[in-house]
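Structural description and commentary
Below are the chains, spelled out letter by letter.
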Amino acid sequence: MTSAGMLASRLEYARFEKDRWKQVTQVDWKSIKDENVKRQFKVLSKLGTAALPEDRLEKYDQLQSGMERTYSTARVCNLNGTSCDLSLEPDLSEIMANSRDPEELEHVWLAWRENTGKKMRNSYKEFVELINEAAELNGFSDGTELWLDVYDTADFQSQIARLWDQLTPLYEQLHAYVRGRLRQHYGEEVVSRDGPIPAHLLGNMWSQSWGNLLDICKPYPEKASVDVTPQMKAQGYTPLKMFQMSDEFFTSLGLIPMTPEFWNRSILEKPDDGRELVCHASAWDFYDGKDVRIKQCTVVTLEDLITAHHEMGHIEYFLQYAGQPQVFKTGANPGFHEAVGDTLALSVATPKHLKKIGLLEEVINDPEVDMNFLMSVALDKIAFLPFGYVMDKWRWGVFSGDISEDDLNCEWWKLRLGLQGIEPPQVRSEMDFDPGAKYHIPGNVPYIRYFVSFIIQFQFHKALCITANQYDPNDRARPLHQCDIYNNKEAGKKLAKMLSMGASKPWPDAMEAITGQREMDATALRDYFQPLEDWLKRENQENQEIIGWKTDEPVCTREP
Ligand SMILES: O=C(CCC(O)(O)[C@H](Cc1ccccc1)NC(=O)c1ccccc1)N[C@@H](Cc1ccccc1)C(=O)O
Ligand SMILES: [Zn+2]
């Protein structure tokens, strides 16, 4: 599908949506008795951006596809300038993950932002106006209300704030420990004792997950590492084999296997015919119960094996709710769609499971290997939480006007400093537009869904592990983080029951179907990481690490 084709079909679909909406609003659907039919009308009574007049909608789509093209086609030079066609995937991601040279990391970090975000600033300002215009045409006050309507939860933003408040003590312990290990590795000149962590040293272009620092942060360096990437390469893994393994995990639970169309029409590797491709992973539903596809520029790493499960989680959801009426063919809420694959990946990543699939040698039940594993999961899951929050806390502020268009970048860094405790390698300014360096901003993909997912996936994991008799809250010999639900048909049946509901019921009903609870709850996440939290507190105390970070250093100057 070319971008021109995309634009044309988006406009055509908007016309269809507007016609359908006109018909629906002429029906007195609120007095319909049948709950299911009434709910279908309720969903159809909302129009979204299709409410924009055609010329404004065309402008909206052009701005968005223009920013996405800037992002997807950006190329940068390497440190010594010998090559200038480095792309984000796989080149820059590999450098940010594996380079331990602060100069090279700083160069790549700055060059990427120079060639993406900085070029989008004006487009984004205009784009925000259009989102707010669309919101008002839908009877909402701004884009934030339009975006949050799908959660249908009155105090959603304060629920998110409360969940984050519950988790900051755990995050601060991890932050202090990682800052300590980075200071040992790079020296006090590069990493301070009590300040924020330099963003370019965290193993990821956006400092959103720190799993690539496992070699520096392993609690027991001499013990086995759970990053089985070398074994995957040694055993000749291919992207196809990674997706076949993921499919095998899903079917081991009795879930629906990937369809022939999936295997014939997915793009599982970056094409080498020079074709421009949006490499950011995505899953696609063609709404016929058979034609479902993933597009992913997969490389052979454990990180990408986990991403394969994430994308396949979307596909499984598509297949499970294929029998629902069209308007219910989506997640109970967007966080549910993001949590399916990650929930199963919590089992896949365990040493127990990696041994089962031959990627880890004999792992005796060694508490130190276990702590190394828990740390690797925390570096991805705990580190991610404040990033997931910042991404939409910033956008909510921009849409609602709390963040003025002259302060876009410095307000972004105020949030990055305050919530994540990170700082840019060099002071930024309002000439930059660093949010645009992350796919979901030009891609206009909301992000709080991932924060929700990272909370509820532990609730799902805990419930399914109890069903699979792999976890017992009172039996320390079977802790939650060692649970692997592989092959358990009971757990699979429970998950399938929720997935097949799609959006036919309010999301608390779907949550209750799996966990017995009706709200988001961080307790399961805290239970999972309890052994690590205890270890981190002892370790930080022994090393006299300072918990928290100073915020008095300037990270961004408001000069226009
Ligand atoms: O962005 C993704 C994975 C891509 C996706 O699967 O969430 C994808 C994003 C997307 C791409 C294009 C258009 C819209 C959304 N979402 C889907 O493909 C999708 C989502 C819902 C239903 C159907 C498909 N993950 C996030 C967060 C994350 C999640 C899990 C582990 C690490 C990090 C990230 O990488 O920052
Ligand atoms: Zn996703």
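Everything numeric in this text was worked out from a predicted model, so none of it was measured. Along each chain, residues carry numbers from 1 onward, in the same order as the chain's sequence is written. Chains carry letters and ligands carry numbers; both start at the beginning, A for chains and 1 for ligands, and go up in the order they are written. Given that this is a predicted model, residues contribute local features only at a pLDDT of at least 70 and side-chain atom pairs are listed and counted only at 80 or more, while totals for whole chains, interfaces and linings are drawn from all residues. Side-chain numbers here rest on the full set of heavy atoms in the structure, without hydrogens or water.

This part takes up the packing of aromatic side chains. When two rings of Phe, Tyr or Trp (its six-membered ring) have centres within 6.5 Å they constitute a pair, described as stacked for plane angles under 30 degrees, edge-to-face for angles over 60, and tilted for the intermediate range. Considering all chains together, one arrives at 32 aromatic pairs under this definition. With 5.3 Å between their ring centres and 85° between their planes, Tyr71 and Trp112 make a pair best called edge-to-face. Taken together, the residues Tyr71 in helix α3 (residues 54-73) and Trp112 in helix α5 (residues 102-115) connect sequence positions 41 residues apart. The exposure class of Trp112 is buried, given its relative accessible area of 1%. On the numbers, 5.7 Å between centres and 45° between planes, the contact of Tyr389 with Phe451 is tilted. You can see Tyr389 sitting in helix α16 (residues 367-400) and its partner Phe451 sitting in helix α18 (residues 448-467), a full 62 residues away along the chain. In this structure, Tyr389 and Phe451 share a single accessibility class: buried. Of the aromatic side chains, those joined through ring pairs into one cluster are Tyr60, Tyr124, Phe127, Trp394, Trp412 and Phe433. Note on criteria: charge over ring means Lys NZ or Arg CZ within 6 Å of the ring centre, with the direction from the centre no more than 35 degrees off the ring normal. Sitting over the ring of Tyr237, Lys241 keeps its end group 4.7 Å from the ring centre. Strands here mean DSSP runs of E at least two residues long; helices mean DSSP runs of H or I at least four residues long; both are numbered from the N terminus. Burial classes follow relative accessibility: with a 1.4 Å probe on protein chains only, a residue under 20% of its type's maximum area counts as buried, one over 50% as exposed, and anything between as partly exposed.

Expected span of a helix, by definition, is 1.5 Å for each gap between consecutive residues, and there is one gap fewer than residues. The end-to-end C-alpha separation of helix α21 (residues 523-542) is 27 Å, in line with the 28 Å expected for 20 residues at 1.5 Å each. We define the bend at any residue as the angle between the axes fitted to the seven residues before and including it, ending there, and the seven starting there. Phe529 marks where α21 bends most, by close to 60°; the proline Pro531 follows one to four residues later. Listed in full, the buried residues belonging to α21 are Ala524, Leu525, Tyr528, Phe529, Leu532, Glu533, Trp535, Leu536, Glu539 and Asn540. Contacts: residue pairs with any heavy atoms within 4.5 Å of one another. Looking at the buried positions of α21, the neighbouring elements they touch are α8 (156-186), α14 (334-348), α16 and α18. Immediately downstream of α21, the backbone of Gln544 shows phi near 50°, a positive value.

This part covers the nonpolar core. Note on terminology: a nonpolar core comprises buried Ala, Val, Leu, Ile, Met, Phe, Trp, Tyr and Cys residues joined through side-chain atoms within 4.5 Å. By size, the foremost hydrophobic cluster in this structure holds 160 residues, and its most contacted members are Val178, Trp210, Phe336, Trp394 and Phe529. The element that contributes the greatest number of residues to this core is α16, accounting for 19 residues. Setting aside residues up to four positions removed in sequence, Phe529 forms contacts with Leu170, Leu374, Val377, Ala378, Lys381, Ile382 and Phe458. Met232, Tyr237, Leu354 and Val369 belong to the second largest nonpolar core, which has 13 residues in total.

Residues three or four positions apart in an α-helix share a direction because the helix packs 3.6 residues into each turn. For helix α11 (residues 239-252), spanning 14 residues, the distance from its first C-alpha to its last is 20 Å, which sits close to the expected 20 Å at 1.5 Å a residue. Residues of α11 that are buried: Pro239, Met242, Phe243, Met245, Ser246, Asp247, Phe249, Phe250 and Ser252. One or two steps after α11, the chain reaches Gly254, where phi turns positive at roughly 85°.

Cysteine sulfur atoms that come within 2.5 Å of each other are treated as a disulfide pair. Overall, the coordinates contain 4 disulfides when judged by the stated rule. Cys410 shares a disulfide with Cys556; S-S distance 2.0 Å. The sign of the -75° torsion about the S-S bond sets the Cys410-Cys556 disulfide as left-handed. With Cys410 in helix α17 (residues 408-420) and Cys556 in strand β6 (residues 556-557), this pair connects stretches of sequence that are 146 residues apart. In this structure, Cys410 and Cys556 share a single accessibility class: buried. Each sulfur in the disulfide pair Cys465 and Cys483 lies 1.9 Å from the other. Between Cys465 and Cys483, the S-S torsion sits near -85°, and that sign places the bridge as left-handed.

Here helix α13 (residues 302-320) crosses α14 at 130°, and the two axes come no closer than 7 Å. With respect to α14, the axis of α13 lies oblique. You can see that α13 and α14 cross each other, and the crossing is right-handed. Facing α13, whose interface residues are Ile306, His309, His310, Gly313, His314, Tyr317 and Phe318, α14 presents Phe336, His337, Glu338, Val340, Gly341, Asp342, Ala345 and Val348. In terms of residue class, the contact of α13 with α14 is made up of 7 nonpolar, 6 polar and 2 charged. As a rule, the C-alpha atoms of each element are fitted with a line to give its axis, helices using only the stretch in contact, and angles between N-to-C directions run from 0 to 180 degrees. The cut-offs work like this: below 35 degrees is roughly parallel, past 145 is roughly antiparallel, 65 to 115 is roughly perpendicular, and the gaps in between are oblique. Each helix crossing is assigned a hand: it is left-handed if the near helix lies turned anticlockwise from the far helix by less than a right angle, otherwise right-handed if that turn is clockwise. The classification used treats Ala, Val, Leu, Ile, Met, Phe, Trp, Tyr, Cys and Pro as nonpolar, Asp, Glu, Lys and Arg as charged, and all other residues, Gly among them, as polar.

On to the site of ligand 1, then. Proximity criterion: a residue is near a molecule or strand once any of its heavy atoms comes within 4 Å of it. Surrounding ligand 1, one finds 20 residues, the nearest of these being His280, Glu311, Lys438, Tyr447 and Tyr450. The separation between an oxygen atom of ligand 1 and a polar side-chain atom of Lys438 is 2.8 Å. All accessible-area figures derive from a Shrake-Rupley calculation using a 1.4 Å probe, and residue coverage is judged against the displayed protein chains alone. Protein chains bury 78% of the 740 Å² of accessible surface belonging to ligand 1 in isolation. Contributions of two or more residues to the shell around ligand 1 are made by β2 (282-285), α13, α14 and α18. The element contributing the most residues to the shell around ligand 1 is α13, with 4 residues. Grouping the constituent residues of the shell around ligand 1 by class yields 9 nonpolar, 7 polar and 4 charged. For this analysis, a polar contact is any N or O atom pair within 3.5 Å, provided that within protein one partner can donate a hydrogen and the other can accept it, and provided that sequence-adjacent residues contribute only side-chain to side-chain pairs.

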